[in-house]
Each structure stands twice: as structure tokens, then as C-alpha cells.
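Examining the three-dimensional arrangement
Single-letter residue listing:
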Amino acid sequence: MLLQIALRKKASALTVLVTAAAIVLTPFSAARAQVKGPPVLRDTETEQLLREYTRPILRVAGLEKQNIQMVIINDGSFNAFVADGRRIFVNYGAILQSETPNQIIGVLAHETGHLAGGHLSKLREQLATAQTQMIIAMLLGAGAIAAGSTRGSGNNGLANAGAAALAGPQEMIRRSLLSYQRQQEENADRAGVKFLTATGQSPKGMYETFKRFTSESLFAARGADPYLQSHPMPAERVAALQEFASTSPYWDKKDDPALQLRHDMVRAKISAFMERPETVYRRYPQTNDSMPARYARAISTYLHGDLRSALAQIDALIQVQPNNPYFHEVRGQALLESGKAAEAIAPLRKAAQLSNNAPLIEMLLGQALVGTDNKAYTDDAIRILRAAVAREPEAALGYTQLAMAYGRKGDYAEADLASAQAAYLRGDNKTARELATRAKTRFAVGTPGWVKADDIVAAKPPRN
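The structure displayed is predicted, hence computed values, not measured ones.

Parameters at a glance
Residues numbered from 1 in each chain as written. Predicted model: local features only at pLDDT ≥ 70, side-chain atom pairs only at ≥ 80, totals over all residues. Heavy atoms only, no water. Salt bridge = Lys/Arg side-chain N within 4 Å of Asp/Glu carboxyl O. Helix = DSSP H or I, 4+ residues; strand = E, 2+ residues; numbered from the N terminus. Buried < 20%, exposed > 50% of the residue type's maximum accessible area, 1.4 Å probe, protein only. Phe/Tyr/Trp six-rings, centres within 6.5 Å; stacked < 30°, edge-to-face > 60°. Lys NZ or Arg CZ within 6 Å of the ring centre and 35° of its normal. Core = buried A, V, L, I, M, F, W, Y, C linked by side-chain atoms within 4.5 Å. Contact = heavy atoms within 4.5 Å. Pairing = 2+ DSSP bridges. Axes fitted to C-alpha atoms, helices over the stretch in contact; angles between N-to-C directions. Parallel < 35°, antiparallel > 145°, perpendicular 65-115°, else oblique. Left-handed = near helix turned anticlockwise from the far one by under 90°. Nonpolar A, V, L, I, M, F, W, Y, C, P; charged D, E, K, R; others polar.

**Quick word on the pattern of salt bridges**
Working definition: two side chains of opposite charge can pair if their charged atoms are close together. In this structure the tally under the stated criterion is 19 salt bridges. A salt bridge links E392 to R42, with the nearest nitrogen and oxygen atoms 2.9 Å apart. Residue E392 is found in the loop between helix 17 (378–391) and helix 18 (396–409), and its partner R42 is found in the loop between strand 2 (39–41) and helix 2 (44–60); the two are separated by 350 residues along the sequence. With respect to burial, E392 and R42 carry one shared label: buried. Here E275 makes a salt bridge to R283, at a shortest N to O gap of 2.7 Å.

Below, the structure written as C-alpha cells:
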């Protein structure tokens, strides 16, 4: 479904540095982490599949109880990274370009290796040490420059020595940090293979993923200084990985066909939502009668204006798999986005039921109930949306729809509070504080609503 794109909060300079602990085979570019951070894609089907991919890996890594979340980034390039110790970020391009479950599972195992190894906290320690070293070097160098300048033009040598004292240590510190990050990458590779073997999975997918980019990376890095690469030189890294991974007793184990089908369905959905229709039809031509191809064409058809044909295609999919919640979800979303909110309610109720009340699907259902303008649905919408935001408290859409439902009921205190929560999650702190301030005047002092509103008023925006 790829329900929404929500802007993440501003990334700190430290986060930009830490994201070098990624699967990419070239150094992470700080230019990619702009002021508001990368937008996030939400989709129940994709997130559920990624959770199932990571669950056994996190268990053997000792991280099962850490509530590690999977976050899908709106970027078509192949990349995955960890940045805060609590989440694994995966570009949608990494999923789309992984032809087998094992390939993306290998990527996730590598990133879990970073988390299990505590690489982020250790890197912060290295950065703190480097900062101290840099300050000392700058003071010593500045002192030499000052001494040279006070003794006249005849002491240019001392001033030059001061300038060298500034530049030399900085370069040494930079090389030291990059070397440390290269070692982290190698350790994450080995940890990933270990986790895959412990869960009875093949590490071949990880190797295939690295190998795929070897020639491209080698061309880009031709003539580059290997000590200035934040990741090991690709050929060396791939060779080391192959040597280690090929000893696994599960090296030649294939993915389960049912899992491969689910993987292909998610890739088809991503292609349909994120790629141009001509690209989708090139990937999935009419001559391809597989379920993934039919799924992709049905979604692309509704996205680009032919609702009647799209519904016929979706209904044909439902006939084959009547208990697939995501087919009903897509049907409901197609109707909702075509202005047919009342007709969207039934398929979205079915999708919610079949998905064990997945909160993102419940939010769509709540949106359909609110969108009918039928006040008889108001209490039902509030009940469903409150349950959804309780399980998915960082989704602004749920609070936005909840605010509309409360407003329709005439409960303006709760409507202002929900609107404030939605604005806060969108990063609009000014609007959030204004709405929360107004909400406080509508609630009795000390009530739960007043306390929540007061928390938003008192909240400080995240530091850059």
C-alpha cells in the first residue's frame, strides 16, 4: 500500500557520520542526509515481511527483546543502514533489487551485525576521542602559528610548521576513523554470516549482493587510496566474505517457494507504487500471468486512472486468494482514493479483520468512515482510530483522521489535541504548540487530555 510518506526529524551531524555503517559499497554521502532527513514509506505487507525476515536473526543475535524496528526509506538506490541502535533502515530500492528473500535477508543480517556489535556506540566513542585529538592538534598548531607571527617575517618557518601541525594530525585522525569503520564493516559481515548459519539460512544471498556491485564499485574506486575508503575495497571485501561464507553448511540452501512468492509480491507492489507505469509494464508485461505480475498491473492501473479495470483485476486476485488481506486493502484504497469512501469501507473492514487489525489498515478504514460525511459512522471511526494510534503512535495520518472525527462529533478539545499530535509528528512544532495550547484551555486542568497537550507545549524541537 505504501500508505504515506512522512518526513523524519532533522538528522544530526553525528547521525550523518554514523550512517557510514551501511551496506553500500561506497562511502555514505552526507549530501543525501538533508535538513529534514529522508522520507519514510509505510506499508503493512512490506513491513510484516521484513519483520519476519529479521525476527530469527535478531533472536540469535540476542536482540529479540530490543524492539528493533524496520523502516523503509523512499529511495530507489540499493542501501540499508543503522543509525540509532533501535532501527534498521532499508531503501525500497534494496527490496526491489533483491531477487530472492535470501539476498535481502543477507543485508539485514549484516546490519544486525552492526547492532549486535555495538558499533554505533563504539563509533561515537571513536568520534569523541578524535574530537579531543583534533582540539589538541588545533591548539598546538595555532600556538606555533602565533609564535611565528609575533617574531616577525624571519620566523615563517615556525608559522609554516604550525600550519603543518594543524593539517598533519587531522589527516591522521581521519585515516584512523576510516580504518576503524572498515574494520566494523568486516566484523558485521562475519557476524551476519554467523547469524544466518545459526538460523539455518544460506549466506549466499549476502555474498551475491556484495558481488553484484563489485565491478561498478571497482570502477568508481579505480586509483583510490584504500585507506581513505570508509568501507573495505570491494574486491577484497567480497573475496573475504566468499571465503568465510562458503564454509556454511547451508551455502546451497534455497528459499522456500512460498516465501519467494511473498517476496515477489512485495517487489511487485513496490514497483507499481514507486515506478512509472511504462516501467511497471516492462517488468510485468501482459504475457506474464503470475500473481506478482497481476498484482503490479492492478495497482498501476488504479493509480493511473482506470478504476473499473483495476477493480476487475483486484477482484480476480481475491478469487484466487480470498483470505489475502492486502488484496482487500488495495481494493479499499483504490475506492477511497477515487472518492468512493462509502464503498471502501467493506473491503477495508475485511482487510483489517484478515490482518489481525493491522494499525495502518485500520487508519485507512477510519479515513473511509470519516470520508463518508455520515455522522452515524463517527463513533466507530473514533474507536478504530484510537486503537490504531495506540499501536502505531508515530503515524500522523491516524491523528489527522481522529481530529476530523472528533470535530464532527463536536468534541473540540480532543480534536485540537489530535491535530496537535499530528502536527508534532509531521515536525511542525509551531502549529503543534499553538493547537496544544488551545486544547489546554478546553480540558479541565490535570485531566489526561490536558497533560498530553501540556507535554506538547513543553516539548523542545529536536536539536540539529
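**Digging into the packing of aromatic side chains**
For the structure shown, the criterion picks out four aromatic pairs. Look at F273 and Y302: their rings are 6.5 Å apart centre to centre, the planes differ by 80°, and that puts the pair in the edge-to-face class. Of this pair, F273 sits in helix 10 (residues 257–274) while Y302 sits in helix 12 (residues 291–303), and the two are 29 residues apart along the sequence. Since its relative accessible area comes to 17%, F273 is described here as buried. Residues Y295 and F327 carry aromatic rings whose centres are separated by 5.2 Å and whose planes lie at 70° to one another, so their mutual orientation is edge-to-face. Placement of the pair is Y295 in helix 12 and F327 in helix 14 (residues 325–337), with a sequence separation of 32 residues. Classification of Y295 by relative accessible area gives buried; the value is 1%. When its relative accessible area of 1% is taken as the criterion, F327 is described as buried. A cation over a ring is seen here: R190 above F244, with NZ or CZ 4.3 Å from the ring centre.

**Side note on the nonpolar core**
Residues Y295, I299, Y302, F327, M363 and L402 are the most contacted members of the largest nonpolar core, which totals 56 residues. In terms of residue count, helix 16 (residues 359–371) provides more of this core than any other element does, eight residues in total. If we skip the residues at most four places from it in the chain, L402 touches I382, L385, R386, V389 and A418. In this structure, Y92, M206, F210 and F213 belong to the second largest nonpolar core, which totals 40 residues.

**Things to note about the pairing of strand 5 (residues 87–91)**
The element strand 5 is extensively covered by neighbouring structure, given that five of its five residues are classed as buried. Neither face of strand 5 is exposed, since R87, F89 and N91 on one face and I88 and V90 on the opposite face are all buried. Bridge count for strand 3 (residues 69–73) against strand 5 is five bridges, and the pairing is parallel. Its bridge partner lying in strand 5, Q69 is registered against R87. Of the strand pairs in this sheet, strand 4 (residues 80–82) and strand 5 are connected by three bridges, and their pairing is antiparallel. Residue pairing in the sheet places V82 in a bridge with I88 of strand 5.

**Brief notes about the packing of helix 12 against helix 14**
Look at helix 12 against helix 14: their axes get within 10 Å of each other, and the N-to-C directions meet at 15°. Comparing their axes, helix 14 and helix 12 come out roughly parallel. For the element pair helix 12 and helix 14, the recorded crossing hand is left-handed. Within the contact between the two elements, helix 12 uses M291, Y295, I299 and Y302 and helix 14 uses Y326, F327, V330, Q333, A334 and E337. For the contact of helix 12 with helix 14, the residue count by class is eight nonpolar, one polar and one charged.

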